[in-house]
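# Results of the structural survey
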Amino acid sequence: KDNLKSSAQRLGLGRSWVFQQDNDPKHTSKVVIEWLNQARIRVLEWPSQSPDLNPIENMWKMLKKQVHVRKPSNLTELHQFCQEEEP
Ligand SMILES: *[C@@H]1O[C@H](CO)[C@@H](O)[C@H](O)[C@H]1NC(C)=O
């Protein structure tokens, strides 16, 4: 809600962009759907149970691996390691 439109603007996408997300429950909740409609954001239809082709998933996987080998022992360290790693 706070970042979507400003991110699109910073990326220079103009006005004709389509938002892509997977069908994670937090993305498909009633409150999110209503906000997307009200904010007039076009959302790419995404079939359920389909392979996730979103390139960001690769980045999450690499980040998880790199942080895991550093064995964070508490939340503070986990946060710090995530900030420091560059997948
Ligand atoms: C987190 O773990 C590190 C390393 O063991 C320690 O130095 C630090 O004090 C811990 N921080 C908290 C908030 O427990």
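Our structure's up above, just so we're on the same page.
This text gives an overview of the structure that appears in the document. (Residues numbered from 1 in each chain as written. Predicted model: local features only at pLDDT ≥ 70, side-chain atom pairs only at ≥ 80, totals over all residues. Heavy atoms only, no water.)

### Concerning the overall build of the chain
Applicable threshold: Counting from the N terminus, the helices are the DSSP runs of H or I reaching at least four residues and the strands are the DSSP runs of E reaching at least two. Note that the radius of gyration is over C-alpha atoms, with the globule rule given as 2.2 Å times the number of residues to the power 0.38. Burial classification: accessible surface area is computed with a 1.4 Å probe over protein chains only, and a residue below 20% of its type maximum counts as buried, one above 50% as exposed, and the rest as partly exposed. Contacts: residue pairs with any heavy atoms within 4.5 Å of one another. Residue-level accessible areas treat just the shown protein chains as cover; the underlying method is Shrake-Rupley with a 1.4 Å probe. Positive charge is attributed to Lys and Arg, negative charge to Asp and Glu, and no charge count is given to His or to the chain ends. Every charge is mapped onto a representative atom, which is NZ of Lys, CZ of Arg, CG of Asp or CD of Glu.
A count of helical and extended segments in the chain gives five helices and zero strands. Listed by position from the N terminus, the elements making up the chain come as α-α-α-α-α. For the chain, whose C-alpha radius of gyration is 16 Å, the value lies well above the compact-globule estimate of 12 Å for 87 residues. With the principal axes as the frame, the chain shows a C-alpha extent of 40 × 30 × 25 Å. A total of 87 residues make up the chain; the buried ones form 16% of that total. Within the chain, counting contacts between residues at least 6 apart in sequence, those at least 24 apart form 44% of the total. Accessible surface, the chain as shown: approximately 7600 Å² in total, 54% of it carbon and sulfur. When the 13 basic and 11 acidic side-chain charges of the chain are each reduced to a single mean position, those positions are 5 Å apart.

### Observations concerning the packing of aromatic side chains
For clarity, the cut-off: By convention, a stacked pair of Phe, Tyr or Trp rings (six-membered ring in the case of Trp) has centres within 6.5 Å and planes under 30 degrees apart, an edge-to-face pair has planes over 60 apart, and any other such pair is tilted. Charge over a ring is defined by NZ of Lys or CZ of Arg lying within 6 Å of the ring centre and within 35 degrees of the ring normal.
With the rule as written, the count across this model stands at zero aromatic pairs. Across the ring face of Phe81, the terminal group of Arg70 is positioned such that the distance to the ring centre comes to 4.0 Å.

### Quick look at the site of the ligand
For the record, the criterion: We call a residue near a molecule or strand as soon as one heavy atom of that residue lies within 4 Å of the molecule or strand. Definition of a polar contact: a pair of N or O atoms within 3.5 Å, with one able to donate and the other able to accept a hydrogen when the atoms are protein atoms, and with sequence-neighbouring residues admitted only if both atoms are side-chain atoms. Following the grouping adopted for this structure description, the nonpolar residues are Ala, Val, Leu, Ile, Met, Phe, Trp, Tyr, Cys and Pro, the charged ones are Asp, Glu, Lys and Arg, and the polar ones are all others, Gly among them.
Inspection of the region around the ligand gives Ser73, Asn74, Thr76 and Glu77 as its neighbouring residues. Take Ser73: an N or O atom from its side chain is 3.3 Å from an oxygen atom of the ligand. Between the ligand and Asn74 there is a distance of 2.4 Å, counted from an oxygen atom to a side-chain nitrogen or oxygen. Relative to its unbound accessible area of 370 Å², the ligand is 32% covered by the protein chains. Broken down by class, the residue content of the shell around the ligand amounts to no nonpolar, three polar and one charged.

As far as function goes, none of this settles anything; it's purely spatial.
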